[in-house]
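The residues making up each chain are set out below.
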Amino acid sequence: MPTTKKRILVITTGGTIAMKYEKDTGVVPCNELMEFLKSFSQLSEVADIDVYEFSNIPSPHMTPEMMFNLAKYLDDIIESSNGDTQSLQISDYDGAVITHGTDTLEETAFLLDLVLTTRKPVVLTAAMRSGNDIGLDGPRNIIGAVRVAAHANSIDKGVLVVMNDEIHTARDVLKADTGRVNSFESPGYGAIGYVDTDDVIYHRQILVRENVWTDKINSNVDLIKATSGIDDRYIRSSIENGAAGIVIEAFGKGNLPPNMIPSIQKAISLNIVVVVVSRVNTGRVLPEYGYLGGGKDLENYGVILGGDLKGPKARIKLMCLLGKYDDVDKIKKFF
């Protein structure tokens, strides 16, 4: 008996995958991706596809609020590609693929991974080359993403990212190069699988999964990167502008210059949540060093040590937690 094809919703949000090069303007958004997806014969051979345009914006224009609205859209109601609201639920689809710009893809993927309640596959993909570039990678990445979303072994793995035939978790993946087609990596952990010619192959399990099911987020969270000789001016600015949280990418295992400490203490006294992660690509922050500004010293002041998350994702996670809780002790448990 023939195998029934899966039904996959493809949601477009913009990015390079939906852009073309124009001589006078450079690479800019265009309106051709939707029609391309509807007529992409190789795509229809993989699954039954519906296409919906959520947005058509450059990746740097994406905001946490838009990411959260995308998550709510996925969980609550799905509109059809012809523009008529059919009150379809995510249960009417076997999975979803989201095309996205590469610059903020890892943040959108992680926010979706935190807040989505569906167990069905949700896969993000993108392109490093625009639609009329030589050797464009977008169509292949879309095919790979749909194959992953339609695969039985992709269920209950959280949000995934498929680029260059590799499958990454939303939590671990990051953009590691500005231009190569193999720009997306999971430093320290590696891809969890790959898209082969005949099958989708997973070669390890996902052991770390986090959920913050919330009805809202608080995007008033700043991210500060520590550098040698940095003072506390950016922390003071966050305090003065009413930040609800501050994430600091510290040195090594979570250590900071002493000039930053007084303002960190002031922020905590004002109930501003301060999270410290490392600016290093791999490894955790730990309460190891006890000198002024060391990880142990910071923890004693009430700073939350953010494990192995990198700054942009720790910021996304804190936004979700601040939207759900106003108790610092509860937030601390999630880190």
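Refer to the structure printed above.
Just so it is clear, the model here is predicted, and its values are computed rather than measured.

The next thing to look at is the overall build of the protein. Along its length, the protein carries ten helices and 16 strands. Relative to a compact globule of 335 residues, whose C-alpha radius of gyration would be 20 Å, the protein shows 21 Å and is just as compact. With respect to the three principal axes, the spread of C-alpha positions in the protein is 65 × 45 × 40 Å. Out of the 335 residues belonging to the protein, those deemed buried represent 53%. Sequence-distant contacts, at least 24 apart, represent 72% of the contacts inside the protein between residues at least 6 apart. A gap of 5 Å separates the mean positions of the 35 positive and 44 negative side-chain charges of the protein.

Let us now look at the packing of aromatic side chains. Per the stated rule, a full pass over the model turns up five aromatic pairs. Taken together, a centroid distance of 6.4 Å and an interplanar angle of 50° make the contact between Phe-54 and Tyr-73 tilted. Taken together, the residues span a long stretch of sequence, with Phe-54 in strand 4 (residues 48–57) and Tyr-73 in helix 3 (residues 64–76) at a distance of 19 residues. By relative accessible area, which is 22% here, Phe-54 ends up partly exposed. Assessed through its relative accessible area of 8%, Tyr-73 is described here as buried. Measuring from centroid to centroid gives 5.7 Å for Tyr-325 and Phe-334, while their planes differ by 40°, and the two rings are tilted. Every member of this aromatic cluster is reached through a ring pair, and the members are Tyr-52, Phe-54 and Tyr-73. Here the basic side chain of Arg-7 rests over the ring of Tyr-93, its NZ or CZ set 4.4 Å away from the ring centre. Over the aromatic face of Phe-335 sits the side chain of Lys-317, whose NZ or CZ is 4.5 Å from the ring centroid.

Three- or four-residue spacings in an α-helix give side chains the same orientation, since the helix completes a turn every 3.6 residues. Taking 1.5 Å per residue, 13 residues should reach 18 Å; helix 3 reaches 18 Å between its end C-alpha atoms and fits that length. All of the buried residues in helix 3 are Pro-64, Met-67, Phe-68, Leu-70, Ala-71, Tyr-73, Leu-74 and Asp-75. Residues of helix 3 that are buried in the fold lie against strand 1 (7–14), strand 4, strand 5 (95–99), helix 4 (105–115), strand 6 (122–125) and helix 9 (311–324).

Put simply, the largest pocket is a space of about 340 Å³. Lining of the largest pocket is provided by 20 residues; of these, Leu-174, Asn-281, Asp-308, Leu-309 and Lys-310 occupy positions nearest its centre. Of the residues that constitute the lining of the largest pocket, the class distribution is six nonpolar, five polar and nine charged.

For the rest of this paragraph, the subject is the pattern of salt bridges. Scanning the model with the defined rule gives 15 salt bridges in all. As a salt-bridge pair, Glu-35 and Lys-38 come within 3.7 Å of each other at their nearest N and O atoms. A residue pair is termed a helical-turn pair when its members lie 3 or 4 positions apart in one helix, as Glu-35 and Lys-38 do in helix 1 (residues 33–39) at three residues. Judged by relative accessible area, Glu-35 falls into the exposed class, the value being 51%. Lys-175 is the partner of Asp-103 in a salt bridge, and the nearest nitrogen-oxygen pair spans 2.8 Å.

Relative orientation of the contacting elements helix 6 (residues 233–240) and helix 7 (residues 261–269) amounts to 20°, with a least axis distance of 9 Å. By the angle class used here, helix 6 and helix 7 are roughly parallel. In this structure, the crossing between helix 6 and helix 7 has a hand that is left-handed. For the pair helix 6 and helix 7, contact is made by Ile-235, Arg-236 and Ile-239 and by Ser-263, Ile-264, Lys-266 and Ala-267, respectively. Each residue belonging to the contact of helix 6 with helix 7 can be placed in one class, and the counts come to four nonpolar, one polar and two charged.

Let us look at the side chain of Asp-308. Relative to the elements of secondary structure, Asp-308 occurs in the loop between strand 16 (304–305) and helix 9. Given the relative accessible area of 18%, Asp-308 is considered buried. For Asp-308, the side chain forms a polar contact with the side chain of Arg-171, separated by 2.8 Å. Here the side chain of Asp-308 touches Tyr-189 through a polar contact of 2.4 Å, side chain to side chain. Residues contacting Asp-308, with those up to four places away along its chain left out, are Arg-171, Tyr-189, Gly-283 and Arg-284.

With that out of the way, let us pick up the sheet that holds strand 8 (residues 166–169). Strand order in the open sheet formed by eight strands is 4-1-5-6-7-8-11-12, and the pairing between neighbours is mixed. Single-partner strands in this sheet number two, and they are strand 4 and strand 12 (200–202). Sheet twist, expressed as the average angle between the axes of neighbouring strands with direction ignored, equals 25°. In the sheet, strand 1 pairs with strand 4 via seven bridges, with the strands oriented parallel. Along strand 4, the bridge assignment pairs Leu-9 with Asp-50.

Conventions and cut-offs
- Residue indices begin from 1 for each chain and proceed along its sequence in written order.
- The predicted origin of the model limits local features to residues at a pLDDT of at least 70 and limits the giving and counting of side-chain atom pairs to 80 or more, whereas totals for whole chains, interfaces and linings rest on all residues.
- Calculation of side-chain values draws on the structure's entire complement of heavy atoms; hydrogens and water are dropped beforehand.
- Counting from the N terminus, the helices are DSSP H or I runs at least four residues long and the strands are E runs at least two residues long.
- Each radius of gyration reported is based on C-alpha atoms, and the globular scaling rule is 2.2 Å times the count of residues to the power 0.38.
- We call a residue buried when its accessible area falls under 20% of the maximum for its residue type, exposed when it is over 50%, and partly exposed in between, using a 1.4 Å probe and counting protein chains only.
- The criterion used for residue contact is that any of the two residues' heavy atoms lie within 4.5 Å.
- Counted as positive: Lys and Arg. Counted as negative: Asp and Glu, with His and the chain ends omitted from the count.
- Note on charges: their place is set at NZ of Lys, CZ of Arg, CG of Asp or CD of Glu.
- Stacked, tilted and edge-to-face are the three classes assigned to paired rings of Phe, Tyr and Trp, where Trp is represented by its six-membered ring and a pair needs centres within 6.5 Å; plane angles under 30 degrees give stacked, over 60 edge-to-face, the rest tilted.
- Whether a charge lies above a ring is judged from NZ of Lys or CZ of Arg, which has to be within 6 Å of the ring centre and within 35 degrees of the ring normal.
- Expected span, for any helix, means 1.5 Å times one less than how many residues it has.
- Each cavity reported here is a set of points on a 1 Å grid over the protein atoms alone in which a 1.4 Å probe fits but cannot get out, each pocket an open set with protein on both sides within 12 Å along at least five of seven lines, and each lining residue one with an atom within 4 Å of a point.
- Grid points are joined across faces, edges and corners, and a volume is the space filled by probe spheres set on the points.
- Each residue gets one of three labels, nonpolar for Ala, Val, Leu, Ile, Met, Phe, Trp, Tyr, Cys and Pro, charged for Asp, Glu, Lys and Arg, and polar for the others, Gly among them.
- Criterion for a salt bridge: a side-chain nitrogen of Lys or Arg within 4 Å of a carboxyl oxygen of Asp or Glu.
- Between N-to-C directions, angles cover 0 to 180 degrees, with each direction set by a line fitted to C-alpha atoms, over the stretch in contact for helices.
- What sets the label is the angle itself: under 35 degrees gives roughly parallel, over 145 gives roughly antiparallel, 65 to 115 gives roughly perpendicular, and the rest give oblique.
- The crossing is said to be left-handed when, going from far helix to near helix, the turn is anticlockwise and less than a right angle, and right-handed when the turn is clockwise.
- Identification of polar contacts relies on pairs of N or O atoms within 3.5 Å, with a donor-acceptor requirement for protein atoms, meaning one able to donate a hydrogen and the other able to accept it, and with residues adjacent in sequence counted only if both atoms are side-chain atoms.
- At least two DSSP bridges between two strands are needed for those strands to be called paired.

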